[in-house]
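Here is what each chain is made of, one letter per residue.
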Amino acid sequence: MSEVDLLITGGMIVTACDSYPGDLAIKDGKIMMIGQHLNLPAKKTMSADGKYVLPGGVDVHTHLEMPFGGTVSSDDFASGTIAAAFGGTTTIVDFAIQGKGQTLAEAADIWHRKAEGKAVIDYGLHLAVTDATEDVLTEMASMIAQGYTSYKLFMTYDGLRVNDDVFLKALLQAKDHGGLISVHAENYYIIDYLVKEFLAEGKNEPKYHALSRPPLAEGEATGRAIKLAKLVEAPLYIVHLSCQEALDEVIRAREAGFPIMAETCPQYLLLSEDNYNEPDFQGAKYVMSPPLRPKENQAVLWNGLAQGEILTVATDHCPFNFVGQKDMGRDFFGRIPNGAPGIEMRLALLYSFGVGQGRMSLQQFVATTSTNPAKIFGLYPEKGTIAVGSDADVVIFDPNLERNINKGILHENVDYTPYEGFLVKGFPVTTVAKGKIITDHGQFLGQLGNGSFVKRKSPMLL
Ligand code: URP
Ligand code: ZN
Ligand code: ZN
């Protein structure tokens, strides 16, 4: 037999359904063979002794170089995907945001130019529809055929939000052509009313961002979005679900048999509204939408993951520097750009605080960070699993490696991490993307531009 490119030996292979000791043989960017004690000639052999061999992470919610709130998110496709790779993520799906008057194809082109020559891991693009003319709704069909199979609609944010009429039409278009609508669900009018009240009372600090976006606003919008999806029997994916009120709506719909799928993010599992009280305006670091919730809420979300009611954990990575970006809102929380970094620590955090603390199984960890997002967003089985014929996107993960998270160890292009001081046990040590080792024990070995655009298939409904 001719040489394989890479042989990973002696690890514990972990998928969403099983764990077993085995070796992986990789050739031409694909997993060629799985077995025990594979005795094959190889250009390179790596030992994964005492480590897990996981399918590369799939982060289906990132915002790289995204114009937002009068500024631009600080990671581009180079720094953002390098950080992702160090964290064990080998595929992202970023959001191409349609500008006013643009076609969806134009929006996609703008995002391709951002990624070209920069991405070090594969990427797909969701299209965020913000100007849904009849032509744009019609265009969805041809874009789905070209591999843009998911669409995000915002129910809030001036300039981005759509009304229920558009929402319904987009759901129908997606359903008819094999696409999936995802939704940022918060009630615009509740937020608008509360923001104006706080402003009038001179309440300008970051914590009022959270108080102006109560769980009621997310629960109402989530319930409304689900009802519209039910009406036309379309599947729906709820992004960054943060609270019980929204989760209750998802559970009710799923129990009734509707394909309503929900995502949460590490920040809602691990941080809380208490962070908004950090001194010297540092609460601004946590200004994101939906906002962080009371601490008790974390258990609700962990439980939702354990019960399979929440199917994915993505990051909503949308970094803005504290100095020069977040501080645009020193005088008024409404001017703080919404979003926080997180692309790099997703696996380490979820493993440590999920598997490590008995809140989820190893299989649920792989399912929620890799397999389920790959299935839902049309990337499976090339991505999201370890199987013969799948892309050789693989992470060697040391379950015993302890790290103290701080800004200094991260590769994200932003001047803080919301997880400063968190101690994790379990850390990715080597990341392989399409058969190439791109990070190894803290060293970057990849190449800018080696990540390719992935045309995605229709969703698998979980
Ligand atoms: O605050 C957030 N989440 N910023 C990113 C944009 C979005 O809503 O996903
Ligand atoms: Zn959103
Ligand atoms: Zn987002």
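Right above here is the structure, for reference.
What counts as what
- Residues numbered from 1 in each chain as written.
- Chains lettered and ligands numbered in written order.
- Predicted model: local features only at pLDDT ≥ 70, side-chain atom pairs only at ≥ 80, totals over all residues.
- Heavy atoms only, no water.
- Helix = DSSP H or I, 4+ residues; strand = E, 2+ residues; numbered from the N terminus.
- Rg over C-alpha atoms; globule rule 2.2 N^0.38 Å.
- Buried < 20%, exposed > 50% of the residue type's maximum accessible area, 1.4 Å probe, protein only.
- Contact = heavy atoms within 4.5 Å.
- Areas by Shrake-Rupley, 256 points an atom, 1.4 Å probe, with all protein chains shown as cover.
- Lys, Arg positive; Asp, Glu negative; His and termini not counted.
- Charge placed at Lys NZ, Arg CZ, Asp CG, Glu CD.
- Polar contact = N/O pair within 3.5 Å; in protein donor to acceptor, adjacent residues only side chain to side chain.
- Near = heavy atom within 4 Å.
- Nonpolar A, V, L, I, M, F, W, Y, C, P; charged D, E, K, R; others polar.
- Donors = N, O, S within 2.8 Å, 3.2 Å for Na, K, Ca; no water.
- Tetrahedral: all angles 85-135°; square planar, octahedral: opposite > 155°, others 65-115°.
- Axes fitted to C-alpha atoms, helices over the stretch in contact; angles between N-to-C directions.
- Parallel < 35°, antiparallel > 145°, perpendicular 65-115°, else oblique.
- Left-handed = near helix turned anticlockwise from the far one by under 90°.
- Expected span 1.5 Å × (residues − 1).

Enquirer: Whenever I open this one, the overall build of the protein confuses me. Can you help?
Expert: When you go through the protein residue by residue, the secondary structure sums to twelve helices and 19 strands. In terms of C-alpha radius of gyration, the protein reaches 21 Å, essentially the compact-globule figure of 23 Å for 462 residues. Its C-alpha atoms give the protein principal-axis dimensions of about 70 × 50 × 40 Å. Here the protein holds 462 residues, and the buried ones make up 63% of them. For the protein, long-range pairs separated by at least 24 residues make up 76% of all intrachain contacts whose partners lie at least 6 apart in sequence. For the protein, the computed accessible surface area is about 16400 Å², with 51% contributed by carbon and sulfur atoms. For the protein, the distance from the average site of its 40 positive side-chain charges to the average site of its 55 negative ones is 2 Å.

Enquirer: Please clarify how the side chain of Ser289 should be interpreted in this entry.
Expert: For Ser289, the location among the structural elements is in the loop between helix 9 (266-270) and helix 10 (297-306). A polar atom in the side chain of Ser289 sits 3.1 Å from the side chain of Arg213. Looking at Ser289, its side chain comes within polar contact range of the side chain of Asn338, at 2.5 Å. Discounting residues that sit within four places of it in the chain, Ser289 has contacts with Tyr157, His184, Glu186, His209, Arg213, His240, Tyr268, Asp316 and Asn338.

Enquirer: Just to check I follow, could you spell out the site of ligand 1 for this structure?
Expert: Around ligand 1, the surrounding shell holds 13 residues, and the nearest of these are Lys152, Tyr157, His184, Ser289 and Asp316. The side chain of Asp316 places a nitrogen or oxygen atom 2.6 Å from a nitrogen atom of ligand 1. Look at ligand 1: alone it shows 270 Å² of surface, and the protein chains cover 100% of it. Class assignment of the residues belonging to the shell around ligand 1 gives a composition of four nonpolar, seven polar and two charged.

Enquirer: Would you mind going over the coordination of the zinc ion (ligand 3) with me for this structure?
Expert: Note on metal geometry: ideal angles are 109.5 degrees for four donors arranged tetrahedrally and 90 or 180 degrees for six donors arranged octahedrally. The protein atoms that coordinate the zinc ion (ligand 3) are His61 (NE2), His63 (NE2) and Asp316 (OD), at distances of 1.9 to 2.1 Å. Because the angles between the four donor atoms bound to the zinc ion (ligand 3) fall within 87 to 132°, the donor set is best described as tetrahedral. Along the chain, the residues donating to the zinc ion (ligand 3) are arranged with the sequence spacing H-x1-H-x252-D. If you look at the zinc ion (ligand 3) and the zinc ion (ligand 2), they sit 3.8 Å from each other.

Enquirer: How should I be thinking about the side chain of Arg213 in this particular structure?
Expert: Tracing the backbone through its elements, the reader meets Arg213 in the loop between helix 6 (207-211) and helix 7 (215-231). Residues within four places of Arg213 in sequence aside, it is in contact with Thr156, Tyr157, Glu186, Ile191, Ser289, Pro291, Arg293 and Asn338.

Enquirer: Where do I start with the environment of Ser150 in this structure?
Expert: One can find Ser150 in strand 11 (residues 150-154). Its relative accessible area of 1% is what places Ser150 among the buried residues. Sequence separation of Ser150 and Ser182 is 32 residues, and the distance between their C-alpha atoms is 7.1 Å. Discounting residues that sit within four places of it in the chain, Ser150 has contacts with His126, Leu127, Leu180, Phe377 and Arg456. A polar contact is formed between the side chain of Ser150 and the side chain of His126, at a distance of 2.6 Å.

Enquirer: Please explain the coordination of the zinc ion (ligand 2) as it appears in this structure.
Expert: Coordination of the zinc ion (ligand 2) by the protein involves Lys152 (NZ), His184 (ND1) and His240 (NE2), with metal-donor separations of 2.1 to 2.6 Å. One chain supplies every donor to the zinc ion (ligand 2), and in sequence these donors are spaced K-x31-H-x55-H.

Enquirer: Please clarify how the packing of helix 3 (residues 134-145) against helix 4 (residues 164-177) should be interpreted in this entry.
Expert: The angle between the axes and the distance between the axes are what describe a pair of packed helices. The N-to-C vectors of helix 3 and helix 4 enclose an angle of 25°; their axes lie 9 Å apart at closest approach. By the criterion of interaxial angle, the relationship of helix 3 to helix 4 is roughly parallel. For the crossing formed where helix 3 meets helix 4, the hand is right-handed. Contact with helix 3, carried on its side by Glu134, Leu137, Thr138, Met140, Ala141 and Ile144, involves Lys169, Ala170, Gln173, Ala174 and His177 of helix 4 and no other residues of that element. Residue classes in the contact of helix 3 with helix 4 are distributed as six nonpolar, three polar and two charged.

Enquirer: When you look at helix 7 in this model, what are you seeing that I'm missing?
Expert: Along an α-helix, residues three or four apart share an orientation, since each turn contains 3.6 residues. Between its first and last C-alpha, helix 7 extends 24 Å over 17 residues, near the 24 Å set by a 1.5 Å rise per residue. Three or more residues of helix 7 are buried, namely Ala217, Glu218, Gly219, Ala221, Thr222, Gly223, Ala225, Ile226, Leu228 and Ala229. Contacts from the buried residues of helix 7 go to helix 4, strand 12 (180-184), helix 5 (188-200), strand 13 (236-238), helix 8 (244-255) and strand 14 (260-264). Note on helix 7: the residue one or two positions beyond its end, Glu233, has a positive phi of about 55°.

Enquirer: What should I look at first to understand unusual backbone geometry in this one?
Expert: With the exception of glycine, most residues fall at negative phi, and the peptide bonds are largely trans. The linkage connecting Ser289 with the following residue, Pro290, adopts the cis geometry, with an omega of -5°. Along the polypeptide, Pro290 turns up in the loop between helix 9 and helix 10. Tyr380 connects to Pro381 through a cis peptide bond whose omega is 5°. With respect to the helices, strands and loops of the structure, Pro381 is situated in the loop between helix 12 (362-376) and strand 16 (394-404). Look at Asp316: it is not a glycine, yet its phi comes out positive at around 55°. Along the chain, Asp316 turns up in the loop between strand 15 (312-313) and helix 11 (346-355).

Enquirer: Even after reading the chapter, I still don't get helix 10, so can you show me in this structure?
Expert: Judged by how many residues are buried, helix 10 sits mostly within the fold: seven of ten residues are covered. Inspection of helix 10 places Asn297, Gln298, Val300, Leu301, Trp302, Gly304 and Leu305 among the buried residues, and these make up the whole buried set. Its buried side turned inward, helix 10 meets helix 8, strand 14, helix 9, strand 15, helix 11 and helix 12. One or two residues past the end of helix 10 sits Gly308, with phi positive at roughly 75°.

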